[in-house]
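This is what each chain is made of:
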Amino acid sequence: MRKTGQEEVRVLLGNVAIARGIVEAGCHVVTSYPGTPSSEIVPAVVEFKNELGLDTYIEWSANEKVAFDNALAASLTGKRAAVAMKQVGLNVASDSLMSSAYTGVIGGLVIISCDDPGPHSSQTEQDSRFFAMFAKVPAYDPSTPQEAKEMVKEAFELSETFEIPVLLRPTIRVSHAKQSVRLSPLKVLDRPANFEKNPERWAATPKYRLVLHKRLNETLQKIRERFENDTKWNYETGKSRGASLGIITCSVSFVSLMDILEELNLKSAINVLKIGTPYPLPQKRIADFIKRQKRVLIIEETDSVIESQIIDKSKVLGRLTGHIPLEGELDPDGIHNILADVLRELGITNLEKITDSKLDKLVEKLKLQVRKPTLCAGCPERAAFFAIKKALPKAIYASDIGCYTLGLNLKAVDTVLDMGAGITLASGFYQAYHQDKKDIAIVATMGDSTFYHSGTASLLNAVYNNARFILVILDNEITAMTGMQPTPGIGITADGSEGRKIPIKELIKGCGVKWIKTIDPYDIKKLVKLLKEARTYTQRKDGGIAVIIARHPCIIRYPEVCEDNPVKVEITDDCDGCNYCIDYFECPALYINEEKNLVEIDRMFCVDCGVCIDACPKGAIIPIEKQNKARL
Amino acid sequence: MNVQIILAGIGGQGILFSSKVFSELGLKMGLDVMGSETHGMSQRGGSVIAHLKLGKFQSPLIRKGAADILYSFEENETYRTLHFLKSGGICFVNLESADQFNKSIMKFLKEKEITFRAYDATGAASKIGSIRSANIALIGYSAGTGLVPFKYEDLRSVLELVSRKKNLKINLKVLNAGFQEGKLLKT
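Rules and cut-offs
The residue numbers shown here count from 1 along each chain, following its written sequence. Whichever chain is written first is A, and whichever ligand is written first is 1; the rest continue in order. Reporting of local features is limited, given that this is a predicted model, to residues whose pLDDT is at least 70; pairs of side-chain atoms are given and counted only at 80 or more, and all residues count toward the totals for whole chains, interfaces and linings. To get the side-chain values, all heavy atoms of the structure are used, and hydrogens and water are removed first. Helix and strand definitions follow DSSP, with helices as H or I runs of at least four residues and strands as E runs of at least two, each counted in order from the N terminus. Only C-alpha atoms enter the radius of gyration, while the globule expectation follows 2.2 Å times N to the 0.38, with N the number of residues. Three labels apply to residues, based on accessible area from a 1.4 Å probe with only protein chains included: buried if under 20% of the type maximum, exposed if over 50%, partly exposed otherwise in between. Here, two residues are considered to be in contact whenever any of their heavy atoms come within 4.5 Å of each other. Every accessible area reported is derived by Shrake-Rupley at a probe size of 1.4 Å, with residue values counting cover from the shown protein chains alone. In summary, the charge assignment counts Lys and Arg as positive and Asp and Glu as negative, without counting His or the chain termini. Charge placement uses NZ in Lys and CZ in Arg. For Asp and Glu, CG and CD serve respectively. Only one rule defines a salt bridge in this text: a Lys or Arg side-chain nitrogen within 4 Å of an Asp or Glu carboxyl oxygen. Residues adjacent in sequence count toward polar contacts only when both atoms are side-chain atoms; beyond that, a polar contact is any pair of N or O atoms within 3.5 Å, and within protein one must be able to donate a hydrogen and the other to accept it. Segmentation of the chain into domains, including their bounds, is taken from an automatic or database domain assignment. Think of it this way: DSSP has to see at least two bridges between two strands before they count as a pair. Fitting a line to C-alpha atoms yields each axis, with helices limited to the stretch in contact; the angle taken between N-to-C directions then spans 0 to 180 degrees. A quick way to say it: buried area is the sum, across both parts, of accessible area lost when two parts are put together, with a 1.4 Å probe. Disulfides are defined as pairs of cysteine sulfur atoms found within 2.5 Å of each other.

A. Examining the overall build of chain B more closely. Along the backbone of chain B there are seven helices and six strands. Starting at the N terminus and walking to the C terminus, you meet the elements of chain B as β-α-β-β-β-α-β-α-β-α-α-α-α. Compactness check: chain B gives a C-alpha radius of gyration of 15 Å against a globular reference of 16 Å for 187 residues, within 12% of the reference. Split into buried and exposed, the 187 residues of chain B put 57% on the buried side. When contacts within chain B are restricted to residue pairs at least 6 apart in sequence, long-range pairs at least 24 apart make up 63% of them. Within the structure as shown, chain B displays about 7,600 Å² of accessible surface, and the carbon and sulfur contribution to it stands at 50%. In chain B, the 25 positive side-chain charges and the 16 negative ones have mean positions that sit 3 Å from each other.

B. Representation of the side chain of Glu 125 of chain A in the model. All names here are of chain A. Its location among the elements puts Glu 125 in the loop between strand 6 (109–114) and helix 5 (128–135). Arg 319 is the oppositely charged side chain nearest to the buried, salt-bridge-free Glu 125, at an N-O distance of 8.5 Å. In terms of polar contacts, Glu 125 uses its side chain to reach the backbone amide nitrogen of Gly 118, at 2.7 Å. At a separation of 2.9 Å, a polar atom in the side chain of Glu 125 contacts the main-chain amide nitrogen of Gly 328. In this view, Glu 125 contacts Asp 116, Pro 117, Gly 118, Pro 119, Thr 302, Glu 327, Gly 328 and Glu 329; residues no more than four positions away in its chain are not counted.

C. Up close: the domain arrangement of chain A. Segmenting chain A into domains produces domain 1 (2–224), domain 2 (235–345), domain 3 (380–558) and domain 4 (566–631). On a C-alpha basis, the centres of domain 2 of chain A and domain 4 of chain A stand 56 Å from each other.

D. Molecular detail of the sheet that holds strand 17 (residues 470–475) of chain A. Residues and elements named next belong to chain A. Read across the sheet, five strands follow the order 15-16-17-19-18 without closing on themselves; strand pairing throughout is parallel. What marks the edges here is a single partner per strand, and that holds for strand 15 (396–398) and strand 18 (515–519). Shown here is a sheet whose adjacent strand axes are inclined to one another by a mean of 20 degrees, direction ignored. Of the strand pairs in this sheet, strand 15 and strand 16 (residues 442–447) are connected by three bridges, and their pairing is parallel. Looking across to strand 16, one finds that Ala 398 is bridged to Ala 444. Against the sheet, helix 20 (residues 524–539) engages strand 17, strand 18 and strand 19 (546–551), with an angle of about 175 degrees to strand 18.

E. Molecular detail of the pattern of salt bridges. Residue and element names in this part refer to chain A. Enumeration over the complete set of coordinates arrives at 49 salt bridges over all chains. Between Arg 182 and Glu 7 there is a salt bridge; the shortest N-O distance is 3.7 Å. Linking Arg 182 in strand 9 (residues 177–182) with Glu 7 in strand 2 (residues 7–13), this pair joins segments that are 175 residues apart in sequence. With a relative accessible area of 33%, Glu 7 lands in the partly exposed category. Residue Asp 288 is joined to Arg 292 by a salt bridge in which the shortest nitrogen-to-oxygen separation is 2.9 Å. Among the ionic contacts, a cluster of salt bridges with common partners joins Asp 115, Asp 127, Arg 129, Asp 141, Arg 169 and Glu 300.

F. Structural context of the pairing of strand 13 (residues 296–299) of chain A. Residue and element names in this part refer to chain A. Neither face of strand 13 is left uncovered, since the one carrying Val 296 and Ile 298 and the one carrying Leu 297 and Ile 299 both have all their residues buried. Bridge analysis of strand 11 (residues 245–249) against strand 13 gives four bridges, and the strand direction is parallel. Within strand 13, the residue paired with Thr 249 across the bridge is Ile 299.

G. Layout of the interface of chain B and chain A. Facing the 42 residues of chain B at the interface are 54 residues of chain A. Interface area for chain B against chain A, summed over the two sides, is near 4,100 Å², with a carbon-plus-sulfur share of 58%. Counting across the chain B and chain A interface gives six salt bridges. We note a salt bridge from Arg 63 of chain B to Asp 333 of chain A, for which the minimum N-O separation is 3.2 Å. Summed over the shared surface of chain B and chain A, the number is 16 residue pairs in polar contact (both at pLDDT 80 or more).

H. The state of the cysteines, seen in detail. Residue and element names in this part refer to chain A. Summed over all chains, the structure comprises zero disulfides over all chains. Cys 575 forms no disulfide, and the closest cysteine sulfur to it belongs to Cys 616, at a distance of 6.5 Å. On the basis of relative accessibility, which here comes to 14%, the residue Cys 575 falls in the buried class.

What follows is the structure in structure tokens.
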């Protein structure tokens, strides 16, 4: 923190800067479902709320569509509302997004959809700016945390001026960038909730929707005019007449490019137009820029949103002409190489490309093992997967999104599609085989937070349509992967206040499931037995879907659970180095001592959960206490 | 002044905390701060890396061959991230002895005039009672060597600002231990 006169500067993570923008805009309601790279926004709003004594209403919603609708309703009462999610979360909320573009908003509504080019932590690389275009809502595309904060504030103003939802699209390199950010004073907006009835608009019938669509198109035209004249987010960095190339760019690609041009001393040779409002595109500005350049290169992440909107592409090079990779992140070295290729192709200059150096080759020779993500030592999900694999080794394993996707490492995950698909794919698999009169074992796995997000409709559909499979709910009483957000199951809300607990078992019962058992997965033997019983139930004439709630707290969130009841283990001479525990249990605390060719315990990682005792087929992992007793 | 720092290690080694230390240090030194961090799935036992740029920069990521300083809290992560260092850069590795380091890569570092310093930060931190403060030991050590433009007093006051209350005392002790060892090397 640094204060100079009235101005305060803090180093903020991009998502925290966005939270600050939300707070500075006087926003009243903030909703979200966690997902990387968006998860830090809500906790930061909570922190600002506490620091500044605000009365912002903040909720972790059950899913993104729920979050969207709750924020929208606040806006219809005249309040300002923000809804945050990761890019694939916008798929879930898209029904509401599309419709609300037509009906519009009253208080400012800002949608923050964080993209993940790479992808680092997502199932797709989709570009949320395309969603803005698809839904016909304006989009802002920040390059830095500071800019993201300012854009949030302007997005609220724009949203209120034109009565339209507005999208902010930070990419992961903005959300997880850190920057010294200048803070501004907060806006205080007194907006008592006041929903003015207007069924023609808020409950518009298809006939009136056509009218709304026409209005939306007119609104977009006005917004485009505003963006044409905007110089804060859309500007040129140089107007060199002798420039041999023009570049249109946006988001983090812009700042990467600026550092590269500075470093290579190419600032006067290349003119740059930065676009912070990719939709609706300021067409005149773009056309005017292109007219003044010999050739124009478009560098944008992740897809071709600006490029595809450009009307006259005769001078344009970009992704559509094969000059920019179709997938993956555009890192600075990648941009350097794109630039080198284009400058050579146009005969402008020979810029050396960045290639693998001597060092890279030396490091390659070390054959370093890739450190792939793995379930933590002591993770209850590992215990559950191990039991599933042991009880039903030939089953189809339909899994879902969360830490437990890493059940892949234990070879107990066959499919991961999207939130909720553990259950829907399981029921789909059942029906496809059942149609051929084949009985196969199917085990769906789903975390507690994912079940609350989108499990119920899938499960009741499966029950209703007579599907038969085993569903194992991996209930660790938290949303672990995204940073330990509470779930409806523990009944704590986003700002730590008490909510109403929704026990998962009651939900499952409500979906019509008749066979539900709860068990601690740490007891692998019992769980194996229970899984076999569950399988029998799915085959019985009067059987159906069997649900096992495998409940054990997340070892990271609740470390005291193991600390209070440690089961210290050691490996006896019975270990013959068969590698079974390494391949099928995959605990980071177990490793092969290559000299002895025997398994050893890495005490740095071991949390004394004792689960591995049941994982060794030779009985070579035993509790230390027990051995001491045997010796006596 | 412009300084580009890479912090490398594995999940749980306090990379994000170290990044916070250097961010606040940058502010204290009157510099602008820009950087990038790893969050999410890759944090589950995977490699973690933080980029930190103090001074006049626009982009958050450090380019290949551009970093002034590399702090690596684990040997293998050093090999993976050395390519970020510029010729003439400095590398601080949490390692008992430089002899353990790969010989051919060490030779390459010499060719590139990269200064290499191995320091058993884990050992030093464990001695004081917190293996988890190894990151701070290495940072303290670097300041002691006088090879980096960071002042001990500044680091101290930054730690006071960013440490959790219960960790502060140990953090300061570890910082000092690292610093003293670094100083020994200097003289």
